[in-house]
Amino acid sequence: MGFVPTMGALHEGHLSLMRRSKRLCDRIVVSIFVNPTQFAANEDLSAYPRPLSTDLQACKRENVDLVFTPTVDVIYPEGFEMTIKVGRLGELWEGRSRPGHFDGVATVVLKLFTIVAPDVAIFGQKDYQQSVIIRRMVLDLNLPVRIVVAPTVRESDGLALSSRNVYLDHLSREAATGIHQALIWAKSAVRKGVTRPGQLNGKMKRMIEKGGCFSLDYIGFCDPSTLQPLKSARPPLAILIAAKCLTPGPAMNRRYIDNVIIH
Ligand code: AMP
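Rules behind the numbers
- Residues numbered from 1 in each chain as written.
- Predicted model: local features only at pLDDT ≥ 70, side-chain atom pairs only at ≥ 80, totals over all residues.
- Heavy atoms only, no water.
- 1 Å grid on protein atoms, 1.4 Å probe; cavity = no way out; pocket = protein on both sides within 12 Å on 5 of 7 lines; lining within 4 Å.
- Points joined across faces, edges and corners; volume = space filled by probe spheres on them.
- Nonpolar A, V, L, I, M, F, W, Y, C, P; charged D, E, K, R; others polar.
- Pairing = 2+ DSSP bridges.
- Helix = DSSP H or I, 4+ residues; strand = E, 2+ residues; numbered from the N terminus.
- Axes fitted to C-alpha atoms, helices over the stretch in contact; angles between N-to-C directions.
- Contact = heavy atoms within 4.5 Å.
- Buried < 20%, exposed > 50% of the residue type's maximum accessible area, 1.4 Å probe, protein only.
- Near = heavy atom within 4 Å.
- Polar contact = N/O pair within 3.5 Å; in protein donor to acceptor, adjacent residues only side chain to side chain.
- Areas by Shrake-Rupley, 256 points an atom, 1.4 Å probe, with all protein chains shown as cover.

## Let's talk about the layout of surface pockets
Phase 1 of the analysis: What the second largest pocket holds in volume is close to 240 Å³.
Phase 2 of the analysis: For the second largest pocket, the lining is made up of 17 residues, of which Ile32, Phe33, Val34, Arg50 and Pro70 are closest to its centre.
Phase 3 of the analysis: Along the lines of polarity and charge, the residues of the lining of the second largest pocket split into 12 nonpolar, 3 polar and 2 charged.

## Describing the sheet that holds strand β1 (residues 2–6)
Phase 1 of the analysis: Spatial strand order, β3-β2-β1-β4-β5: 5 strands in an open sheet with parallel pairing. Of all the strands in the sheet, the pair left with one neighbour each is β3 (66–68) and β5 (146–150). Across the sheet, the axes of successive neighbouring strands diverge by a mean angle of 25°, strand direction being ignored.
Phase 2 of the analysis: In the packing of helix α1 (residues 12–24) onto the sheet, contacts are made with β1, β2 (28–32), β4 (120–124) and β5, and the angle to β4 comes to roughly 150°.
Phase 3 of the analysis: Against the sheet, helix α5 (residues 101–116) contacts β1, β2, β3, β4 and β5, and its axis sits at roughly 145° relative to β1.

## Focus: unusual backbone geometry
Phase 1 of the analysis: The omega angle of the peptide bond from Pro235 to Pro236 is 0°, so this bond is cis rather than trans.
Phase 2 of the analysis: Position of Pro236 among the secondary structure elements: in the loop between β6 (214–222) and β7 (237–245).
Phase 3 of the analysis: Phi is positive for Asn142, close to 55°, though the residue is something other than glycine.
Phase 4 of the analysis: Note that Asn142 resides in the loop between α6 (128–140) and β5.
Phase 5 of the analysis: Taking relative accessible area as the criterion, Asn142 reaches 65% and is therefore assigned exposed.
Phase 6 of the analysis: Phi is positive for Leu227, close to 65°, though the residue is something other than glycine.
Phase 7 of the analysis: Following the sequence through the fold, Leu227 ends up in the loop between β6 and β7.

## Topic: the site of the ligand
Phase 1 of the analysis: Residues in contact with the ligand amount to 17 residues; listed here are only the nearest, His14, Gly124, Asp127, Val153 and Leu161.
Phase 2 of the analysis: For the ligand, a nitrogen atom lies 2.8 Å from a polar atom in the backbone of Val153.
Phase 3 of the analysis: In the model, a nitrogen atom of the ligand is placed 2.8 Å from a nitrogen or oxygen of the Leu161 main chain.
Phase 4 of the analysis: When isolated, the ligand has an accessible area of 480 Å², and the protein chains bury 93% of it.
Phase 5 of the analysis: Those elements giving two or more residues to the shell around the ligand turn out to be β1, α1 and β4.
Phase 6 of the analysis: Here the shell around the ligand gets 3 residues from one element, more than from any other, and that element is α1.
Phase 7 of the analysis: Among the residues making up the shell around the ligand, the classes are represented as 8 nonpolar, 7 polar and 2 charged.

Here it is in structure tokens:
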């Protein structure tokens, strides 16, 4: 049995995980659950898109065998107390800007694994830090599930598909491609032998912030398995980016993340 956990507002990225799961497994289960414990008080939990009937139709088209759509009180019934503490891996990068976020993610994923009991679970590389944390949890807690991480699905101009892209207006949507462009540029510079993050940072920041629609939160040059920051940008290397949208309107203050792994 294959399992694809999601928060819904399904797009081609999610569908690619379902297709991968179909190729690996006889049966597939998709969960749709907007997990409140991974959102901080100032984040977009209530505004998170929840187009359930469209999502169910998409699952049907992909021949999903079962869609699990629990309500919050099913996952967190009265008296709920126990949570996962991710530790150091959850405090780096995204975790620095979103304290507690990965504890919420790990807790809900562990609960979903226990309820669904899959053999294989598929996650997207788009949320790279999340995939590393889930792999760590499976090892540390001896969970009987195999984790597969599938490539990021992108728009034709390179922007990583995300449920939050619908909030971008014309200008910020165009500017958002700077995130991917910065990653591609950095990857090629690393391949050409540039090894100091300091030689890459400045130009990447300018590419991301060009036009004033986005403000860079971090560029992380790190070890792909431990996520520890690296002083030298020598492969194997993960480059992680987060940028916040500044454009007034529905995208304002939302975070957009992307990454590239260089082997
Ligand atoms: P979410 O619904 O945002 O929690 O994402 C559910 C799963 O879909 C996670 O494993 C994500 O990493 C994955 N995902 C999100 N966007 C993409 C994408 N553009 N390409 C591939 N996987 C993705």
